[in-house]
Amino acid sequence: MSSTETDRTEAADSKRPAVRWLMLIGPGLAVAATGVGAGDLLAAMLAGAEFRETLLWVIVLGALLKLGLNEGVARWQLATGSTLIEGWGAHIGVIFQIGFLIYLVVWSFIVAGGLMSACGVAAHALLPGIGIGAWGIIHSIAALLLVWFGRYDRFEATMKGLIALMVLTLLASVILIGPDLGRVLRGLLIPRLPTGSATTVLSLMGGVGGSVTMLSYGYWIREKGWIGRSWITTVRRDLGIGYALTAVFGAAMLVLAATALVGLGGMPSGSQGLVACADALEQGASQRFGDTIAQVARSVFLIGLWAAVFTSTLGVWQGVPYLFADFTQQLLGKSREVDEGAWTYRGYLLYLALPPMVLLALDKPVWVIKLYTLTGGVFMPFLAASLLWLTTRRSLMGDLCTGKLSFTAMAAALALFAAIAVRQIIDLLD
């Protein structure tokens, strides 16, 4: 743990309990913000535009399932002192490791391109004087510099600030659009599956809360100094807050789309689909409050959208190089903890930030965003299956072994995410 983190922990210990744990949380917020990418927001908007508030409950269920899996990742690390990647190598085998390493390289390239595209779309909507591709490059370089010259504590502080911006802007947008609270409550509390919604449900549930980026949580809690079984309560609280915010973000986007786009015939195609709610929000606010407030409302929403996609970019740039560095250290027979200054970490950071810029030349930002959502969904069944295999072994986990409730949640997640992966592959082949 860095000296800054130590000072922060000591400062937190001197305050009241409520203030203390608010100061200590952070990795859960980071993993939540990283998981709420453009693909998740786009899926929520599509669901709201087509089925209105009916599928709000799906977002809550998806967040709970991802919470269960991420808790399993953290519980494994606290119980064994090793990362899940180390666990795969020791108990599943090197073939699985190498297979995932190949997948990680491909996934990273596609995801990085998708995130650049999403940042470009959001920034271009705010400041159209610069093109989508140029904005994507600017955001990639900005995230690269923030990670290269900053340590974890600075990364966490930046993420917290951006998350606060996301919460304020998206909730303000919901208030301005004036949703039907009765419909919202029914959508949250009464599970229903409208005719033709099965594919949308799977896409929505699979997109909430991230995929490969969930593994970054293990490295972030190490940076916080959360090592050992005694931290399990803190980790669960941290993740609970993070995934609660994940559900809020997704639900806010769905409600906005359901309310703002109801009379516009659904989501526009192409990159305009990502900013459709901004235009519809401006139109609705103009009728209720006048043109000045309407322009402010549009800008507020777009700032929230930008914050959502840039936090995801920053989280991937900071967290995913840990995975590559950990894998390569295991393959080279080295067991030391991952160092952010290591050539493996920084080399992969450069790989994320620079080569995927070629995808911006396709000039199909939403297509790239959908492609990275697909590649992430394919990973989830493997994560769920490996956690079921490893965390149910009492000889490894001791008193943190998976109980009946966690087992049921992981088994349900495995079945669901396997169905999602199959559906996504079929859609791609069609």
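About the cut-offs
- Residues numbered from 1 in each chain as written.
- Predicted model: local features only at pLDDT ≥ 70, side-chain atom pairs only at ≥ 80, totals over all residues.
- Heavy atoms only, no water.
- pLDDT = per-residue confidence, 0-100.
- Contact = heavy atoms within 4.5 Å.
- Patch = residues over 30% accessible without salt bridge, like charges linked within 9 Å, V, L, I, M, F, W, Y side chains within 5 Å.
- Areas by Shrake-Rupley, 256 points an atom, 1.4 Å probe, with all protein chains shown as cover.
- Salt bridge = Lys/Arg side-chain N within 4 Å of Asp/Glu carboxyl O.
- Helix = DSSP H or I, 4+ residues; strand = E, 2+ residues; numbered from the N terminus.
- Buried < 20%, exposed > 50% of the residue type's maximum accessible area, 1.4 Å probe, protein only.
- Polar contact = N/O pair within 3.5 Å; in protein donor to acceptor, adjacent residues only side chain to side chain.
- Axes fitted to C-alpha atoms, helices over the stretch in contact; angles between N-to-C directions.
- Parallel < 35°, antiparallel > 145°, perpendicular 65-115°, else oblique.
- Nonpolar A, V, L, I, M, F, W, Y, C, P; charged D, E, K, R; others polar.
- Phe/Tyr/Trp six-rings, centres within 6.5 Å; stacked < 30°, edge-to-face > 60°.

S.K.: What am I meant to see in the confidence of the model for the chain here?
M.R.: Regions with low pLDDT should not have their predicted coordinates read in detail. Put simply, the chain has an average pLDDT of 81, and 83% of its residues get 70 or more. Under a pLDDT of 50 for its full length, residues 2–13 has, in the predicted model, 18 contacts with residues more than four places off or in other chains.

S.K.: It is not clear to me how a nonpolar patch on the surface should be interpreted in this structure. Could you clarify?
M.R.: Taken together, Val-60, Leu-61, Leu-64, Leu-185, Leu-188, Leu-189 and Ile-190 make up a surface patch of nonpolar side chains, about 610 Å² in accessible area. Secondary structure elements with two or more residues in the nonpolar patch: helix H5 (56–80) and helix H10 (181–189). Mapped onto the elements of the fold, Leu-61 is located in helix H5.

S.K.: What is the right way to look at the side chain of Thr-311 in this model?
M.R.: Within the secondary structure layout, Thr-311 lies in helix H15 (residues 291–331). The buried category is assigned to Thr-311, whose relative accessible area is 0%. Within the structure, the side chain of Thr-311 is placed 2.9 Å from the backbone oxygen of Ala-307, a separation counted as a polar contact. For Thr-311, the residues in contact, after removing those within four places along its chain, are Ala-33, Thr-34, Met-159, Leu-162 and Met-166.

S.K.: What is the right way to look at the packing of helix H6 (residues 84–91) against helix H7 (residues 94–126) in this model?
M.R.: If you want to describe how two helices pack, look at the angle between their axes and the distance between the axes. At a minimum axis distance of 7 Å, the contact between H6 and H7 shows a crossing angle of 140°. Relative to H7, H6 is oriented oblique. Facing Ile-85, Trp-88 and Gly-89 of H6, the residues of H7 in contact are Phe-96, Gln-97 and Phe-100. Among the residues making up the contact of H6 with H7, the classes are represented as four nonpolar, two polar and no charged.

S.K.: What exactly am I supposed to notice about the side chain of Asp-326 here?
M.R.: Residue placement: Asp-326 occurs in helix H15. In this structure Asp-326 touches Thr-83, Ile-85, Glu-86, Tyr-219 and Val-338, once residues within four positions along its chain are discounted.

S.K.: Can you help me understand the pattern of salt bridges in this one?
M.R.: Here the idea is simple: oppositely charged side chains can pair when their charged atoms come close. For the structure shown, the criterion picks out nine salt bridges. Between Arg-52 and Glu-53 there is a salt bridge, with the nearest N and O atoms lying 3.8 Å from each other. The partly exposed category is assigned to Arg-52, whose relative accessible area is 28%. Among the ionic pairs, Arg-75 bridges to Glu-71, the shortest N-O distance being 3.0 Å. Placement of the pair is Arg-75 and Glu-71 together in helix H5, with a separation of four residues, close to one helical turn. Under the relative-accessibility criterion, Arg-75 is labelled buried at 2%. A relative accessible area of 9% means that Glu-71 is categorised as buried. Overlapping salt bridges, with partners in common, bring together Arg-52, Glu-53 and Arg-183 in one network.

S.K.: Help me understand the environment of Leu-350, please; the structure alone is not making it clear to me.
M.R.: Mapped onto the elements of the fold, Leu-350 is located in helix H16 (residues 343–353). Separated by 33 residues in sequence, Leu-350 and Trp-317 have C-alpha atoms that sit 8.9 Å apart. With residues up to four places along the chain from it excluded, the contact list for Leu-350 reads Leu-144, Trp-148 and Pro-355.

S.K.: Whenever I open this one, the packing of aromatic side chains confuses me. Can you help?
M.R.: Taken as a whole and judged by the stated rule, the model has 13 aromatic pairs. Considering the side-chain rings of Trp-88 and Phe-100, the 5.2 Å spacing of their centres and the 70° angle between planes classify their relative orientation as edge-to-face. With Trp-88 in helix H6 and Phe-100 in helix H7, the pair connects residues that are 12 residues apart, well separated along the chain. Residues Trp-88 and Phe-100 agree in their burial class; the two are buried. Centroid distance Phe-100 to Tyr-103: 5.8 Å. Interplanar angle 35°. Geometry classified as tilted. Of this pair, Phe-100 and Tyr-103 both sit in helix H7, separated by three residues, roughly a single helical turn.

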